[in-house]
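Coordinate analysis (summary)
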Amino acid sequence: MVNLQAPLKTQENDGESFVFEKYIFSLMDSIQTGFHTGEYFRRYFQTTRKKFGFYFTKYQNSCIIKKIACKLCLYAHRRIAPEMEVNRQQFSLPETVRRACMPMTRAARNRGTGTTCCGNVPDVPPYLGDTGSFPDVITAMDNWVAQKKGETKLDKFVIHGGHRLTGEIEVSGAKNAAVALIPAVLLSDEPCVLENVPDISDVSISLQIMSEMGATVEYLTKTTVRISAAGLTNYCVPYESARKMRASYYFLGALLGRYGKARVSMPGGCPLGDRPIDQHLKAFAALGAKCNIEHGMVDLVADQLTGNQIYLDVVSVGATMNAMLAAVRAKGLTVIENAAKEPHIVDLANFLNSMGAEIMGAGTDVIKIRGVERLHGAVYSVIPDQIEAGTFMIAAAATKGDVLVTNVIPKHLEPITSKMRKIGVNIEEFDDSVRVWVDGPLVRTNVKTMPHPGFPTDMQPQITTLLTLAEGTSIITEGVWEQRFRYVDELRRMGADISVDGKVAVVEGTGKLTGAPVKACDLRAGAALIVAGLAAHGVTEIEDIYHIERGYANLDAKLRQIGADIQKVSDPAIPAKLKEAL
């Protein structure tokens, strides 16, 4: 019997091989649920089989990989192929995988038991040793990228709190800008180079989508990527990749702008309440597109995109950016009224303008776009992430530290710095950095989140955490998302005194938090729990950190540079349902 608890041993990289083992487990789990069927499976199998062959070849010396892959083939042929009534040759594995599986399946048949060396699997197909197959490869490759980025519920942060943060910490590129700039590359047939790209899972998924659609993606450095969409004709975004992140909807605007048609799944992302895309669809319709939503997929088609006046009923960052992407190559003039004004909207406009677009007014509530026939390639640097910078600033204040936060645009931080100063935090601004320190007590204040230039909703959990350490009663009003306070129960575990009524939270400053086991329920909630853990007395363990790593690059390593005692650890325990599947 295979020991599922034992890590894999290969000559190349033990850590990566264990990730690959979990990747196989995820693949098996998707077979058990039988999610994909029909044409979707056929189409994406062909685009990913070579990648699977590469990773299998890299780790084929591992016995457990061979055994699991063998059983994977059995499940595929027994459960998926018959249901789909397709020719089994369409699902043949790469040659390297097939050869590795043949001895085990042949041995099983020779014993006449209908089993393999990795467990009891009845009804072995007689042709398995000749072809081999497996389903849902696209999901598996998604899981590979996600696991490689740490997106696994088996990973957690362990923080020994109470250490004062001091020193210098650098901010990465903005997540909310990068995930829009990457799809924007689709609007040009020429290569584009993006610099200061954050090393986070949302960016990895965006780049993976580009690659799966046929674009060429090449990392020049750790934070610089070259993307070429020359000759790309695919207008359908893979379902499994798109549903993992909210920002996948930017592919709608980019594909519509380039091809006049797009097919993307309804977006995923953090569970923050109702997050409709009606304003996006309203903008597309104004430009002449027809929309149809069926089976979780959004289909857009337009014979010709034509400039028009677009009025957004609510201020929406995503709808504003999608309207810009779709309108940039439309005929005539497009005017977007009640537009969002966030820094990443200005960044997208600057990037598109560097490619030859004509966009005016970004950063105001009226944006004018004069359509152009084509866009050329460009080299562009993503703006620094003001939310990551704000998180570091609050972490410094919560630990009563003294930290210089570098690679920032102080102007973008004004809503945050203004509120922090009211709490009693000292902040000194420089050209591209800010110094944050505390030399006195923290005091209460009231916060209401609003669209830019108001206080950002993405900083609400972090500043709420800081106010639990302040003197007096603070009132937090959430003006954007309905379920932004889901993290409050986790802070209560650490001793916070917070009561929530709808979109309003009342924080009674206790001045002290204590370590506890907690779970990140979304990206910014996870950041707030890290701030709490750094300030708390004792040990804090944060689970579900894949939420955090969607938006923070190398967070634990950065925090250790300024004195934090934080480690990312992996629990080798395998979920019971995966053991059962094997």
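This one's a predicted model, so the numbers in the text were calculated from it and none came from an experiment.

For the rest of this paragraph, the subject is the overall build of the chain. Counting its secondary structure elements, the chain contains 20 helices and 23 strands. Looking at the 582 residues of the chain, the share that counts as buried comes to 58%. A separation threshold of at least 6 residues defines the contact pool for the chain, and within that pool the share at least 24 residues apart is 75%. Working note: accessible area of the chain is about 22,200 Å², and carbon and sulfur atoms make up 48% of it.

This structure, assessed with the given rule, holds 18 salt bridges. Salt-bridge contacts for aspartate 458 lead to arginine 524; the nearest nitrogen and oxygen are separated by 3.8 Å. Here aspartate 458, found in the loop between β17 (447–448) and α16 (460–467), pairs with arginine 524, found in helix α18 (residues 523–535); they are 66 residues apart in sequence, far enough to count as distant. Residue class for arginine 524 comes out buried when judged on its relative accessible area of 3%. We note a salt bridge from aspartate 556 to arginine 560, for which the minimum N-O separation is 3.5 Å. On the criterion of helical spacing, the pair formed by aspartate 556 and arginine 560 is a turn pair, its members being four residues apart in helix α19 (residues 555–561).

Now for the pairing of strand β10 (residues 333–337). Here strand β9 (residues 309–311) pairs with β10 via three bridges, running parallel. Counterpart to glutamine 309 in the pairing with β10 is valine 335. Crossover β9 to β10 through helix α12 (residues 317–327) is right-handed. As defined by bridge partners, β10 adjoins strand β12 (residues 366–370) across five bridges and the pair is classed as antiparallel. Along β12, the bridge assignment pairs threonine 334 with isoleucine 369.

Before going further, it helps to spend a moment on the confidence of the model for the chain. Chain-level pLDDT for the chain is 77 on average; 70% of the residues reach the 70-or-more range. The element-level mean pLDDT for the chain is lowest in helix α5 (residues 128–131), coming to 29, with strand β16 (residues 433–437) highest at 98. A low-confidence stretch, residues 1–68 (pLDDT under 50), is modelled with 155 contacts involving residues beyond four sequence positions or located in other chains.

In this structure, Phe351 and Leu352 are the most contacted members of the largest nonpolar core, which totals 80 residues. Not counting the four nearest positions on each side in its chain, leucine 352 is found in contact with Ala184, Leu187, Leu325, Ala357, Ile359 and Leu375.

Next up on the list: the packing of aromatic side chains. Ring pairs (aromatic) are described by centroid distance and by the angle formed between their planes. Enumeration over the complete set of coordinates arrives at three aromatic pairs. Between phenylalanine 351 and tyrosine 380 the ring centres are 5.4 Å apart and the planes differ by 50 degrees, which places this aromatic pair in the tilted class. Of this pair, phenylalanine 351 sits in helix α13 (residues 343–354) while tyrosine 380 sits in strand β13 (residues 379–381), and the two are 29 residues apart along the sequence. The two residues phenylalanine 351 and tyrosine 380 agree in class, both being buried. Aromatic pair phenylalanine 485 and tyrosine 487: ring centres 6.3 Å apart, planes at 40 degrees, arrangement tilted. Comparing phenylalanine 485 with tyrosine 487 shows no difference in burial state: the two are buried. Across from the ring centre of tryptophan 437, 3.9 Å away, lies the NZ or CZ of arginine 435, which sits over that ring.

Next up on the list: the side chain of glutamate 388. As for its position among the elements, glutamate 388 is in helix α14 (residues 386–398). Within the structure, the side chain of glutamate 388 is placed 2.9 Å from the backbone nitrogen of serine 172, a separation counted as a polar contact. Among all residues touching glutamate 388, those that are not within four sequence positions of it are Glu170, Val171, Ser172, Tyr552, Ala553 and Lys558.

Glancing now at the packing of helix α10 (residues 250–259) against α12. Two measures define how a pair of helices packs: the angle their axes make with one another and the distance between the axes. Between α10 and α12, the least distance of the axes is 7 Å, while the angle of their chain directions is 15 degrees. Viewed along their axes, α10 and α12 adopt a mutual orientation that is roughly parallel. Seen along the crossing, α10 lies across α12 with a hand that is right-handed. When α10 is examined against α12, the residues Tyr250, Leu252, Gly253, Ala254, Leu256 and Gly257 are found in contact with a partner set consisting of Val317, Gly318, Met321, Asn322, Leu325 and Ala326. Split into classes, the residues belonging to the contact of α10 with α12 amount to eight nonpolar, four polar and no charged.

This part covers the packing of helix α7 (residues 175–184) against α10. α10 packs onto α7 with a crossing angle of 25 degrees between their chain directions and a minimal axis gap of 8 Å. The pairing of α7 with α10 is recorded here as roughly parallel in orientation. α10 is crossed by α7, and the crossing has right-handed handedness. Contact residues: α7 offers Val179, Ala180, Pro183 and Ala184, while α10 offers Tyr250, Phe251 and Ala254. Here the residues of the contact of α7 with α10 sort into seven nonpolar, no polar and no charged.

Before going further, it helps to examine unusual backbone geometry. Here the amide bond leading from histidine 452 into proline 453 is cis, since omega sits at 15 degrees, within 30 degrees of zero. Relative to the elements of secondary structure, proline 453 occurs in the loop between β17 and α16. Notably, aspartate 544 is not glycine yet its phi reads approximately 55 degrees, a positive angle. Relative to the elements of secondary structure, aspartate 544 occurs in the loop between β22 (539–543) and α19. Aspartate 544 gets classed as buried once you look at its relative accessible area, which sits at 15%. Look at asparagine 554: it is not a glycine, yet its phi comes out positive at around 50 degrees. Tracing the backbone shows asparagine 554 in the loop between β22 and α19.

Another point: α13. Look at α13: 17 Å from first C-alpha to last across twelve residues, which is about the 16 Å you get at 1.5 Å a residue. Here α13 has its buried residues at Pro343, His344, Ile345, Asp347, Leu348, Ala349, Phe351 and Leu352. Phi turns positive, to about 110 degrees, at glycine 356, one or two residues after α13.

Looking only at helix α15 (residues 414–423), the buried set comprises Pro415, Ile416, Thr417, Lys419, Met420 and Ile423. Looking one or two places after α15, you find glycine 424, whose phi comes out positive at around 110 degrees.

Our focus in this paragraph is the sheet that holds strand β1 (residues 155–160). Taken together, the four strands give an open sheet; going across it, the order is β21-β22-β1-β23, and neighbouring strands pair in mixed fashion. Each of the sheet's edge strands pairs with one partner strand only, and the pair in question is β21 (517–519) and β23 (565–570). Across this sheet, the average inter-strand angle for adjacent strands is 25 degrees, counted without regard to direction. In this sheet, β23 lies alongside β1 in antiparallel orientation, the contact comprising six bridges. Note that in β23 the partner of isoleucine 159 across the bridge is isoleucine 566.

The rules we used
- Residues numbered from 1 in each chain as written.
- Predicted model: local features only at pLDDT ≥ 70, side-chain atom pairs only at ≥ 80, totals over all residues.
- Heavy atoms only, no water.
- Helix = DSSP H or I, 4+ residues; strand = E, 2+ residues; numbered from the N terminus.
- Buried < 20%, exposed > 50% of the residue type's maximum accessible area, 1.4 Å probe, protein only.
- Contact = heavy atoms within 4.5 Å.
- Areas by Shrake-Rupley, 256 points an atom, 1.4 Å probe, with all protein chains shown as cover.
- Salt bridge = Lys/Arg side-chain N within 4 Å of Asp/Glu carboxyl O.
- Pairing = 2+ DSSP bridges.
- Right-handed = clockwise from strand over helix to strand, strands pointing away.
- pLDDT = per-residue confidence, 0-100.
- Core = buried A, V, L, I, M, F, W, Y, C linked by side-chain atoms within 4.5 Å.
- Phe/Tyr/Trp six-rings, centres within 6.5 Å; stacked < 30°, edge-to-face > 60°.
- Lys NZ or Arg CZ within 6 Å of the ring centre and 35° of its normal.
- Polar contact = N/O pair within 3.5 Å; in protein donor to acceptor, adjacent residues only side chain to side chain.
- Axes fitted to C-alpha atoms, helices over the stretch in contact; angles between N-to-C directions.
- Parallel < 35°, antiparallel > 145°, perpendicular 65-115°, else oblique.
- Left-handed = near helix turned anticlockwise from the far one by under 90°.
- Nonpolar A, V, L, I, M, F, W, Y, C, P; charged D, E, K, R; others polar.
- Expected span 1.5 Å × (residues − 1).

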